[in-house]
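# Report on the structure
Spelled out, the chains give:
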Amino acid sequence: VDALLQLVVKDQALYLKNSAELKGDLDEMTLPANASLFTYNVVAMYPSLNTAQCLERLSGFLLSPDISQRYGIGPKALLKAIKLIMYNNRMRFGNVLVKRISGIAMGISPAPTLANLFVAIYEDEHILPFIPTVVKYLRCFINDGFGIWLYDPDPLLMIAI
Amino acid sequence: LKAFQVCLNNSGLLWTFSDRANEEIFWDLRLKIEGRKVVTSLYAKPLALHLYLPPHSCHAPGVLSGLIFGNVLCIHQLCSAAADIKKELKLFFHCLLDHGYQPQKINPLFQQAIDNATVKPLVGGSNPYGAGVIPHGWGLGPHMSNQGTPWRRFPA
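Residues numbered from 1 in each chain as written. Chains lettered and ligands numbered in written order. Predicted model: local features only at pLDDT ≥ 70, side-chain atom pairs only at ≥ 80, totals over all residues. Heavy atoms only, no water.

This part is about helix α4 (residues 51-62) of chain A. Residue and element names in this part refer to chain A. The terminal C-alpha atoms of α4 lie 16 Å apart, and with 12 residues this matches the ideal 16 Å at 1.5 Å per residue to within 8%. Among the residues making up α4, those that are buried are T51, C54, L55, R57, L58, F61 and L62. The buried residues of α4 all sit within an arc of 165 degrees when viewed along its axis, so they share a single face. Within α4, the exposed residues directed more than 90 degrees away from the buried face are E56 and G60. One side-chain oxygen of the residue at the start of α4 lies 3.0 Å from the amide nitrogen of A52, identifying that residue as N50. (Helix = DSSP H or I, 4+ residues; strand = E, 2+ residues; numbered from the N terminus. Expected span 1.5 Å × (residues − 1). Buried < 20%, exposed > 50% of the residue type's maximum accessible area, 1.4 Å probe, protein only. Arc of directions from axis to C-beta. Polar contact = N/O pair within 3.5 Å; in protein donor to acceptor, adjacent residues only side chain to side chain.)

The strand order across the open sheet built from 4 strands is β4(A)-β5(A)-β1(A)-β1(B), with neighbouring strands paired in antiparallel fashion. Either end of the sheet is taken by a strand with one partner, and the two such strands are β4 (135-141) of chain A together with β1 (15-17) of chain B. Geometrically, the sheet is characterised by an average inter-axis angle of 20 degrees between neighbouring strands, direction not taken into account. Here β4 of chain A pairs with strand β5 (residues 144-150) of chain A via 6 bridges, running antiparallel. Within the sheet, the bridge partner assigned to V135 of chain A lies in β5 of chain A and is W149 of chain A. With respect to the sheet, helix α7 (residues 111-127) of chain A is in contact with β1 (35-42) and β4 of chain A together with β1 of chain B, its orientation differing from that of β4 of chain A by roughly 160 degrees. Sheet strands in contact with helix α1 (residues 2-9) of chain B are β1, β4 and β5 of chain A together with β1 of chain B, and its direction is about 155 degrees off that of β1 of chain B. (Pairing = 2+ DSSP bridges. Axes fitted to C-alpha atoms, helices over the stretch in contact; angles between N-to-C directions. Contact = heavy atoms within 4.5 Å.)

Summed over all chains, the structure comprises 17 aromatic pairs over all chains. Considering the side-chain rings of Y15 of chain A and F141 of chain A, the 5.9 Å spacing of their centres and the 65 degrees angle between planes classify their relative orientation as edge-to-face. Separated by 126 residues along the polypeptide, Y15 of chain A in the loop between α1 (2-9) and α2 (19-27) and F141 of chain A in strand β4 bring together distant segments of the chain. Given a relative accessible area of 17%, Y15 of chain A falls into the buried group. For the ring pair F130 of chain A and F4 of chain B, a centre distance of 5.2 Å and an interplane angle of 85 degrees mean the geometry is edge-to-face. (Phe/Tyr/Trp six-rings, centres within 6.5 Å; stacked < 30°, edge-to-face > 60°.)

For chain A, the mean per-residue pLDDT works out to 90, and 94% of the residues sit at or above 70. Least confident of the elements in chain A is helix α8 (residues 155-160) of chain A, whose mean pLDDT is 54; most confident is α2 of chain A, at 95. (pLDDT = per-residue confidence, 0-100.)

A few words now on the environment of C74 of chain B. Looking at the element boundaries, C74 of chain B is found in helix α2 (residues 62-78). Measuring from C-alpha to C-alpha, the distance between C74 of chain B and Y43 of chain B comes to 12 Å, with 31 residues separating the pair along the chain.

Each partner contributes to the interface: chain A provides 49 residues, whereas chain B provides 39 residues. Summing both sides of the interface, chain A and chain B together bury roughly 3,700 Å²; the carbon and sulfur share of this comes to 69%. Across the chain A-chain B interface, the total number found is 0 salt bridges. Run the count over chain A and chain B and you get 11 residue pairs in polar contact (both at pLDDT 80 or more). Taken together, the elements giving at least two residues each to the side of chain A that touches chain B come down to α2, β1, α3 (45-48), α4, α7, β4 and β5 of chain A. Here the side of chain A that touches chain B is built from residues that sort into 32 nonpolar, 12 polar and 5 charged. Here β1 of chain A pairs with β1 of chain B via 3 bridges, running antiparallel. Paired with Y40 of chain A across the bridge in β1 of chain B is F17 of chain B. (Buried area = accessible area lost by both parts, 1.4 Å probe. Salt bridge = Lys/Arg side-chain N within 4 Å of Asp/Glu carboxyl O. Nonpolar A, V, L, I, M, F, W, Y, C, P; charged D, E, K, R; others polar.)

Structure follows, in structure tokens:
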């Protein structure tokens, strides 16, 4: 599951591999005068991730013919495997056995990939329109994001910054 | 900015945002706007312990070479300014000394690693010292501190 999803995740528009890639991108960039930097991150990502919402979003994305053809994946089998992983986590605390009913178990190998894709699908639809008009550059990896914001070139604002 | 934040917070997760600024910390990088460019240097938390394998560890000897070559390359790749590269190399060197490594053992490895990092094409940038030039005399040890010229031309 992880290997298949990684093919898709690494191809997403805002995917950031590592610091060296970020520096490479920034070195090639010349900023306008009204640029400023910002970072953003998620509060408690893995436990907060709604399992049903995540599966619904992944289904809508992976079942589209374009995606399955582009990456050569069988979406139905993959989704079945993802569902199996997400709904069957058991943990033992001493002699108590508990079943996870919400969120993604951080320790499972596809957890970062699932979380990455969950965010990336949303970004594709809703965040990309902000680029490049108000956000010059935006990259995100799982729960960490970095961006270059183009603020209103109001002279008073520029003095404040 | 508000619209962007609201939009991201509608993704099903709660996002927090830093204030807009000319300088930000992101992962292991300190990013700063200087003129029309973003310059980078390495960032570590103030309480970072910089723990490395001790010299008496039973790991294979190649692990030490790998550690030094990897970190030196990383420093060269991620720092924009030559002064930052020098600062980070010194810090790394002294961290290893603090862990008990002997200067005569790690000095040659550092020199080889610096040669390797400056001669090979760097990800995300070119040689910060100029083509074919590698920094020399980092003040990393007594035998390297009085070399006269701070630069030497790498042989073609």
